[in-house]
There are 2 protein chains.
Amino acid sequence: MASVFVVELLCVGNELLSGITVNTNAHWLAGQIAKAGGIVSRTTVVRDDLDAISAAVQEALGRNPDILITTGGLGATYDDLTLEGVAMALGRKVSINKTAAEMLKRSYARRHLNYKINKVRLKMATIPEGSTPIENPVGSAPSVMMGKIFCLPGVPAEMKLVFKKHILPLVKDGVGKYAAKEVNYNVTGVSEAMLATTLVRIVRSNPRHAVYLKTHPRGYKKTTPRIRVQIICRGDDAVSVGKRLERISKIILKKISELGGRIE
Amino acid sequence: MASVFVVELLCVGNELLSGITVNTNAHWLAGQIAKAGGIVSRTTVVRDDLDAISAAVQEALGRNPDILITTGGLGATYDDLTLEGVAMALGRKVSINKTAAEMLKRSYARRHLNYKINKVRLKMATIPEGSTPIENPVGSAPSVMMGKIFCLPGVPAEMKLVFKKHILPLVKDGVGKYAAKEVNYNVTGVSEAMLATTLVRIVRSNPRHAVYLKTHPRGYKKTTPRIRVQIICRGDDAVSVGKRLERISKIILKKISELGGRIE
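**Quick word on the nonpolar core**
Part 1 of the argument: In this structure, A:I33, A:I69, A:F163, B:I33, B:I69 and B:F163 are the most contacted members of the largest nonpolar core, which totals 52 residues.
Part 2 of the argument: Dropping the residues within four chain positions of it, B:F163 is found in contact with B:W28, B:L29, B:Q32, B:I33, B:I69, B:L152, B:L168 and B:P169.

As structure tokens, then:
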């Protein structure tokens, strides 16, 4: 069985908690990690507040995920507090990192921006002591890595590139051999409740994380219930996963038929 | 000054942590609460896991928000565990609630569904002891209220109606007198870093929560930076809020002009 590799996400930003910005970063990251066989155990969203960030980092580390990814709060403005919050959580100081400052200079040069590395801009190179900066391939602020913590920018294009290059390979390594297959059935004439007992029996008789069964309501056609049944199997290799999926599908399709339902 | 009224959100569901469903519930709730003058201090998303739900509820209550809203996990299927998790966090038992069972019957009758209230369906009326069910105006599962905790369905249409009827009035009451004004300037020729010192000075010289200043990068036109400057003022009444907004706008516009920037 593929290893269980657990990731926590911590997204920082008032705009995520006031209806301004939809948290598409958490959604995209979760999708990437799930596709690679990893498990996002929790996402936390906090405001641009030093104490809130620091507390959330400490709590996340206390749950001992394999990695913790933060997004947002790496810029030059007063409300960019993620690195200070992470440092506080770890009982470290922040200081100007020469490598990070060089990255910043290179990022301006690459974009032909005639900016001085002044005090305000140096904030983006002021990182927790003992941490490692990661160059930002698109924008300015470097990402930061320290142990199992990865601090990524909030700008989606920047975040995605850093994730793909530096974190996704770690997730894949951590998960090891991995295959997944999914099938969905659109069903008419069977409600969620009618299938519930069958599904729970299947989930409980298979190894943890090997089978994910979920029914999604699709409303009613007059008084006839319509649902989507989603079956995902995960494991080491495509053959065994495919066999498990087939076995489970058969049981569910038989039950749907017995209940008088039909597949659209 | 309007009172500070703090809300925490706890969203439950594997689909929110695997790239399947974007957490639009948290986004919508945050927008509604912010518009009413409340503050969402944190959003937590956990999987359909009893221990994870229970732990997240305990942690949230430990931070003592004015209210805690959960979404999702109220249905009849094996992975609907929110109410059990909340009960566990509070050291209570769950049991069948007669009022909730009546609500369930009415919801089927209203939709002309010829369903028996069997064991599986009764799960939706099995709620923490001492809690109060709230009728679901659209779907089946009642919402649940106990003290400062409100458990809402995950289906957006159902969640929204219950929020508007039962929670939004509490937020408004808690906030008291409230007015907010917002203005945005699209600026060319000034970067985030160039304005940073001015903005932090303004924020720190005003009462907490009274002023929200944020710069949003809008990329570069060749090497000319472009940003949006967002100014939000909050307070008791429209007149004082408007005056504050005007005063702050003047300072920022003057600085932009001094820096050689211009408003589009």
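Read on for the rest.
**Considerations on the packing of helix 1 (residues 24–35) of chain B against helix 6 (residues 156–175) of chain B**
All names here are of chain B.
Part 1 of the argument: In contact at an axis separation of 11 Å, helix 1 and helix 6 are set at 25° when each is read in the N-to-C sense. If you check the angle between helix 1 and helix 6, you find them roughly parallel. The way helix 1 lies across helix 6 gives a crossing that is right-handed. Together, N25, W28, L29, Q32 and I33 of helix 1 and P156, M159, K160, F163, K164, L168 and V171 of helix 6 make up the contact between the two elements.
Part 2 of the argument: Looking at the contact of helix 1 with helix 6, its residues break down into eight nonpolar, two polar and two charged.

**Some thoughts on the domain arrangement of chain A**
Part 1 of the argument: When cut into domains, chain A gives domain 1 (6–175) and domain 2 (179–263).
Part 2 of the argument: Of note, the centres of domain 1 of chain A and domain 2 of chain A, computed from C-alpha atoms alone, are 38 Å apart.

**A few points about helix 8 (residues 238–258) of chain B**
All names here are of chain B.
Part 1 of the argument: An ideal rise of 1.5 Å per residue puts 30 Å on 21 residues; helix 8 measures up with 30 Å between its terminal C-alpha atoms.
Part 2 of the argument: By the burial criterion, the buried members of helix 8 are V241, G242, R244, L245, I248, S249, I252 and I256. Buried positions in helix 8, seen along its axis, are confined to an arc of 160° and lie on one side of it. The outward face of helix 8, more than 90 degrees from its buried face, is lined by the exposed residues V239, K243, E246, K250, K254 and E258.
Part 3 of the argument: On its buried face, helix 8 sits against strand 9 (179–188), helix 7 (192–204), strand 10 (211–221), strand 11 (224–235) and strand 12 (262–263).
Part 4 of the argument: Put simply, D237 is the residue that caps the front of helix 8, since its side-chain oxygen is 3.1 Å from the backbone nitrogen of V239.

**Quick notes on the relation of the copies chain B and chain A**
Part 1 of the argument: In the superposition of chain B on chain A (RMSD 0.0 Å, axial shift 0.0 Å), the rotation amounts to 180°. This pairing of chains is accounted for by a two-fold axis. Relative to the rotation axis, the C-alpha of B:T44 is the closest in chain B, positioned 2.3 Å from it.
Part 2 of the argument: Comparing contact sets, 98% of the residues at the interface of chain B also lie at the interface in chain A, consistent with an isologous, same-surface contact.

**Some details on the sheet that holds strand 10 of chain B**
All names here are of chain B.
Part 1 of the argument: Here we have four strands laid out as an open sheet, ordered 10-11-9-12, and antiparallel in their pairing. Unpaired on one side and paired on the other, strand 10 and strand 12 mark the two borders of the sheet.
Part 2 of the argument: Where strand 10 lies against strand 11, nine bridges are found, and the strand directions are antiparallel. From the neighbouring strand, L213 faces strand 11, where its bridge partner is I231.
Part 3 of the argument: Of the strands in this sheet, strand 10 and strand 11 are in contact with helix 7, which crosses strand 10 at around 175°.

**Some words on the sheet that holds strand 10 (residues 211–221) of chain A**
Strands in a sheet are paired, the pairing made by backbone hydrogen bonds, and the direction either parallel or antiparallel.
All names here are of chain A.
Part 1 of the argument: Reading across the sheet, the four strands line up as 10-11-9-12 and stay open at both edges, with antiparallel pairing between neighbours. If you trace the sheet from one side to the other, it starts and ends with strand 10 and strand 12 (262–263), each paired once.
Part 2 of the argument: Taken together, the two bridges between strand 9 (residues 179–188) and strand 12 define a ladder with antiparallel strand orientation. Looking at the pairing, V187 lines up with I263 of strand 12.

**Considering the pattern of salt bridges**
Part 1 of the argument: Per the stated rule, a full pass over the model turns up 22 salt bridges over all chains.
Part 2 of the argument: One salt bridge connects A:E59 with B:R63, and the closest N-O pair in it is separated by 3.6 Å. Taken together, the positions of A:E59 in helix 2 (residues 50–62) and B:R63 in the loop between helix 2 (50–62) and strand 3 (67–71) put the pair across two chains.
Part 3 of the argument: A relative accessible area of 26% means that A:E59 is categorised as partly exposed.
Part 4 of the argument: B:K105 is the salt-bridge partner of B:E102, the closest N and O atoms lying 3.7 Å from each other. Linking B:E102 with B:K105, this pair stays in helix 4 (residues 98–110), spanning three residues, or about one helical turn.
Part 5 of the argument: Take B:E102: its relative accessible area is 40%, and that puts it in the partly exposed class.

Basis of the calculations
Residues numbered from 1 in each chain as written. Chains lettered and ligands numbered in written order. Predicted model: local features only at pLDDT ≥ 70, side-chain atom pairs only at ≥ 80, totals over all residues. Heavy atoms only, no water. Core = buried A, V, L, I, M, F, W, Y, C linked by side-chain atoms within 4.5 Å. Buried < 20%, exposed > 50% of the residue type's maximum accessible area, 1.4 Å probe, protein only. Contact = heavy atoms within 4.5 Å. Axes fitted to C-alpha atoms, helices over the stretch in contact; angles between N-to-C directions. Helix = DSSP H or I, 4+ residues; strand = E, 2+ residues; numbered from the N terminus. Parallel < 35°, antiparallel > 145°, perpendicular 65-115°, else oblique. Left-handed = near helix turned anticlockwise from the far one by under 90°. Nonpolar A, V, L, I, M, F, W, Y, C, P; charged D, E, K, R; others polar. Domains from an automatic or database assignment. Expected span 1.5 Å × (residues − 1). Arc of directions from axis to C-beta. Polar contact = N/O pair within 3.5 Å; in protein donor to acceptor, adjacent residues only side chain to side chain. Least-squares fit on C-alpha atoms with pLDDT ≥ 70 in both. Pairing = 2+ DSSP bridges. Salt bridge = Lys/Arg side-chain N within 4 Å of Asp/Glu carboxyl O.

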